[in-house]
Amino acid sequence: MQVEVESSAVDSATGMARALVIRHGSSLLGPVAAVNTTAGTFATLGQTVKVTGTTVFDDGLTGGLAALTVGQVVEVHGLADASTGVITATRVEGKGAATAYKLRGTVASLDTTAKTFAIGGAVIAYGTLPASSVPSTLANGSVLRVQLQTAQSNGQWVATSLGVAGPRPVDKARGHVRGLITAFTSTHAFSLNGIAVDASGATFEDGTAS
């Protein structure tokens, strides 16, 4: 599972800190639309999910990727590549019947007139929501946490709630972030777990070639 931890300062000698807040949440919950065992991927809610050798499948999915079937509802924990939208799964859990689906991702193709936007290959309609429940920061490039009805309408997923899900800023004098590079422009400009990094003044211990 992917978790976010707020803690006291990390002791550099022991590598330990005291956790103050622990948050967890999955990347999506929805029905499998296609499985490609050759490519090591499957699709759900218009998103491509990549399975690696370190992806953990829960005990109900004996056989891993090969155990998935079209229409089966799964919950996926993972990290999304901001440049491709592909989610690299760290954990996949089989779920029974779901009363709602959920998706987390980057907004694109926002149409404020039609009240629709896209996350990956999913077109999401939010026109049935009251204006007060639509984040004021809704814009292309923003990261949202979306809850959806389980049935599509005219080929669109209908949102039942929208929430801001972008990375929390490091607002302390010192911060330590570790994770996947999720967007890359150059060695001086990239993102780590969705957090933009300006490394123009940084020292690279192993050189920028690495």
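Bear in mind that the values here come from a model prediction, so they are computed numbers and not experimental data.

### A closer look at the pairing of strand β12 (residues 122-125)
Sheet topology note: the strand β11 (residues 116-119)/β12 ladder contains 4 bridges and is antiparallel. Counted as the bridge partner of I119 is A122 from β12. Counting the residues in the hairpin turn of β11 and β12 gives 2 residues, including G120, whose phi is positive at 60 degrees. Sheet topology note: the β12/strand β14 (residues 157-164) ladder contains 2 bridges and is parallel. Across the sheet, the residue bridging to I124 is W157, located in β14.

### What to know about the pattern of salt bridges
Tallied over the full model, the rule gives 6 salt bridges. E6 serves as the salt-bridge partner of R23, at 3.0 Å between the closest nitrogen and oxygen. Pair noted here: R23 is in strand β2 (residues 19-24) and E6 is in strand β1 (residues 3-7), with a separation of 17 residues, a long-range link. For K95, the salt bridge identified is with E93, shortest N-O distance 3.2 Å. Taking relative accessible area as the criterion, K95 reaches 35% and is therefore assigned partly exposed.

### What to know about the packing of aromatic side chains
Between two aromatic rings, the relevant description is the distance of the centres plus the angle of the planes. Scanning all chains against the criterion turns up 2 aromatic pairs. An angle of 40 degrees between the planes, with centres 5.8 Å apart, marks the rings of F117 and Y126 as tilted. Here F117 and Y126 have matching classes, each one buried.

### Observations regarding unusual backbone geometry
One non-glycine residue, K115, lies in the positive phi region at around 55 degrees. As for its position among the elements, K115 is in the loop between β10 (108-111) and β11. A positive phi is found at N154, a non-glycine position, where the angle reads about 55 degrees. Counting through the fold element by element, N154 comes out in the loop between β13 (143-148) and β14. Judged by relative accessible area, N154 falls into the exposed class, the value being 77%.

### Overview of the nonpolar core
Ranked by internal contacts, the top residues of the largest apolar core, which has 33 residues, are F42, F117, I124 and V146. When contributions to this core are tallied by element, the ones reaching two or more residues are β3 (28-36), β7 (73-80), β8 (87-95), β9 (101-106), β11, β12, β13 and β14. Look past the residues within four positions of V146 in its chain and what remains in contact with it is Y101, K102, L103, F117, I119, I124, A159, S161 and L162.

### Considering the layout of surface pockets
Of the pockets and cavities examined, the second largest pocket occupies roughly 510 Å³. Among the elements of the structure, β15 (181-186) and β17 (195-198) are those that each provide at least two residues to the lining of the second largest pocket. Across the lining of the second largest pocket, the residue classes tally to 8 nonpolar, 5 polar and 3 charged.

### Quick look at the pairing of β7
The element β7 is extensively covered by neighbouring structure, given that 7 of its 8 residues are classed as buried. When β3 meets β7, the two strands line up antiparallel, connected through 4 bridges. The residue of β7 that forms the bridge with L28 is V76. As paired strands, β7 and β8 are joined by 8 bridges and run antiparallel to one another. Paired with L79 across the strands is T88, a residue of β8.

About the criteria used
Residues numbered from 1 in each chain as written. Predicted model: local features only at pLDDT ≥ 70, side-chain atom pairs only at ≥ 80, totals over all residues. Heavy atoms only, no water. Pairing = 2+ DSSP bridges. Helix = DSSP H or I, 4+ residues; strand = E, 2+ residues; numbered from the N terminus. Salt bridge = Lys/Arg side-chain N within 4 Å of Asp/Glu carboxyl O. Buried < 20%, exposed > 50% of the residue type's maximum accessible area, 1.4 Å probe, protein only. Phe/Tyr/Trp six-rings, centres within 6.5 Å; stacked < 30°, edge-to-face > 60°. Core = buried A, V, L, I, M, F, W, Y, C linked by side-chain atoms within 4.5 Å. Contact = heavy atoms within 4.5 Å. 1 Å grid on protein atoms, 1.4 Å probe; cavity = no way out; pocket = protein on both sides within 12 Å on 5 of 7 lines; lining within 4 Å. Points joined across faces, edges and corners; volume = space filled by probe spheres on them. Nonpolar A, V, L, I, M, F, W, Y, C, P; charged D, E, K, R; others polar.

Geometric values such as these leave the question of function open.
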